[in-house]
Amino acid sequence: EDQVTQSPEALRLQEGESSSLNCSYTVSGLRGLFWYRQDPGKGPEFLFTLYSAGEEKEKERLKATLTKKESFLHITAPKPEDSATYLCAVSDLQSAGNKLTFGGGTRVLVKP
Amino acid sequence: DSGVTQTPKHLITATGQRVTLRCSPRSGDLSVYWYQQSLDQGLQFLIQYYNGEERAKGNILERFSAQQFPDLHSELNLSSLELGDSALYFCATTGPGTGELFFGEGSRLTVL
């Protein structure tokens, strides 16, 4: 069974204080690893897809990286508007239908 | 805006009742996924339909059922509701070959 574990559960940052979020995963065969941002009471918003170890993707202050066992989401010089819950998910090659298995998320609070 | 539309946004009902949640996918998307998000469980996959056919099933209770209609909209039916069914219910769709899910804004169900 696919498993996704995210750490830490919560992160409080000062504006400008860079940090990293961790996503450890176990799958039979990785089809893709996905990062989402979720604001309170809203649906998850797609950020990145990573397909193979060594791959990196960037968007504004966010950078996602992937190894064979984990992924990191680096937040560089965060701003208060980066406050959100960040979700990691995996799609398993052996699962029917491309469903995503999500981790519990990391709640990020960036204080001005 | 993901292009995925869910109704109703909020729903308050009593234990033992039945409700129907509706999802309209993005134009051209054939797959619909349903997820449940509660405070203690995170995002849990319920069921997936592809072009009207059930494609994958997750942790969906027997009291819950879903279907996808010829116009590709989907409905999630929840019956004999219990207090523990209170949650956010998300619908998501995906384009062909991309893998990433695009989520609607969710339906917040409160069972009293």
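Please refer to the structure higher up on the page.
Presented here is a report on the structure given in the accompanying data block. (Residues numbered from 1 in each chain as written. Chains lettered and ligands numbered in written order. Predicted model: local features only at pLDDT ≥ 70, side-chain atom pairs only at ≥ 80, totals over all residues. Heavy atoms only, no water.)

Considering the overall build of chain A
Definition in use: Each helix is a run of H or I in the DSSP string that is no shorter than four residues. Each strand is a run of E no shorter than two, and both are numbered from the N terminus. Our radius of gyration is a C-alpha quantity, and the globule rule it is checked against amounts to 2.2 Å times the number of residues to the power 0.38. Classification of residues uses two cut-offs on accessible area relative to the type maximum, computed with a 1.4 Å probe and protein chains only: under 20% is buried, over 50% is exposed, and between them is partly exposed. Note on contacts: a residue pair qualifies if any of its non-hydrogen atoms lie within 4.5 Å across the two residues. Where accessible areas are quoted, they stem from the Shrake-Rupley method and a 1.4 Å probe; at the residue level, only the protein chains shown are allowed to cover. Positive charges come from Lys and Arg, negative ones from Asp and Glu, while His and the chain ends are left out of the count. Here the site of a charge means atom NZ of a Lys, CZ of an Arg, CG of an Asp or CD of a Glu.
Scanning chain A from terminus to terminus reveals zero helices and 11 strands. Taken from the N to the C terminus, the helices and strands of chain A come in the order β-β-β-β-β-β-β-β-β-β-β. Taking 13 Å as the expected radius of gyration for a compact globule of 112 residues, we find that chain A reaches 14 Å, a close match to that expectation. Here the C-alpha coordinates of chain A stretch approximately 45 × 30 × 20 Å along the principal axes. Counting the 112 residues in chain A, one finds 50% classified as buried. Across chain A, the fraction of contacts at a sequence separation of at least 24, relative to all contacts at a separation of at least 6, is 56%. For chain A, the accessible surface area stands at approximately 5,500 Å², while carbon and sulfur atoms represent 46% of it. Looking at chain A, you have 14 positive and 15 negative side-chain charges, and the mean spots of the two groups are 1 Å apart.

Quick notes on the interface of chain A and chain B
The parts lose accessible area when they come together, and the size of an interface is often stated as this lost area. Condition: Here the buried area means the combined drop in accessible surface, using a 1.4 Å probe, for two parts upon being joined, counting both sides. Every case where a carboxyl oxygen of Asp or Glu lies within 4 Å of a side-chain nitrogen of Lys or Arg is listed as a salt bridge.
On the chain B side, the residues contacting the 17 residues of chain A number 18 residues. Note on chain A versus chain B: buried area summed over both sides is about 1,400 Å², and carbon and sulfur give 57% of it. In this structure, the connection of chain A to chain B is made through one salt bridge. The partner of Glu105(B) in a salt bridge is Lys42(A), and the shortest N-O contact between them spans 3.7 Å.

Observations concerning the state of the cysteines
Linking two cysteines covalently via their sulfur atoms produces the bond known as a disulfide. Put simply, the rule reads: We call a pair of cysteine sulfur atoms a disulfide when they lie within 2.5 Å.
Taken as a whole and judged by the stated rule, the model has two disulfides over all chains. Disulfide pairing is shown between Cys23(A) and Cys88(A); the S-S distance is 1.9 Å. Sign of the S-S torsion, about -60° for the bond between Cys23(A) and Cys88(A), identifies this disulfide as left-handed. With Cys23(A) in strand β3 (residues 19-26) and Cys88(A) in strand β9 (residues 84-92), the pair connects residues that are 65 residues apart, well separated along the chain. A relative accessible area of 0% means that Cys23(A) is categorised as buried. Each sulfur in the disulfide pair Cys23(B) and Cys91(B) lies 1.8 Å from the other. Taking the sign of the torsion about the S-S bond as the criterion, the disulfide between Cys23(B) and Cys91(B), at about -45°, is left-handed. One end of the pair, Cys23(B), is in strand β3 (residues 19-24); the other, Cys91(B), is in strand β9 (residues 87-94), with 68 residues separating them in the sequence. With a relative accessible area of 0%, Cys91(B) lands in the buried category.

That's the geometry; what it means functionally is another story.
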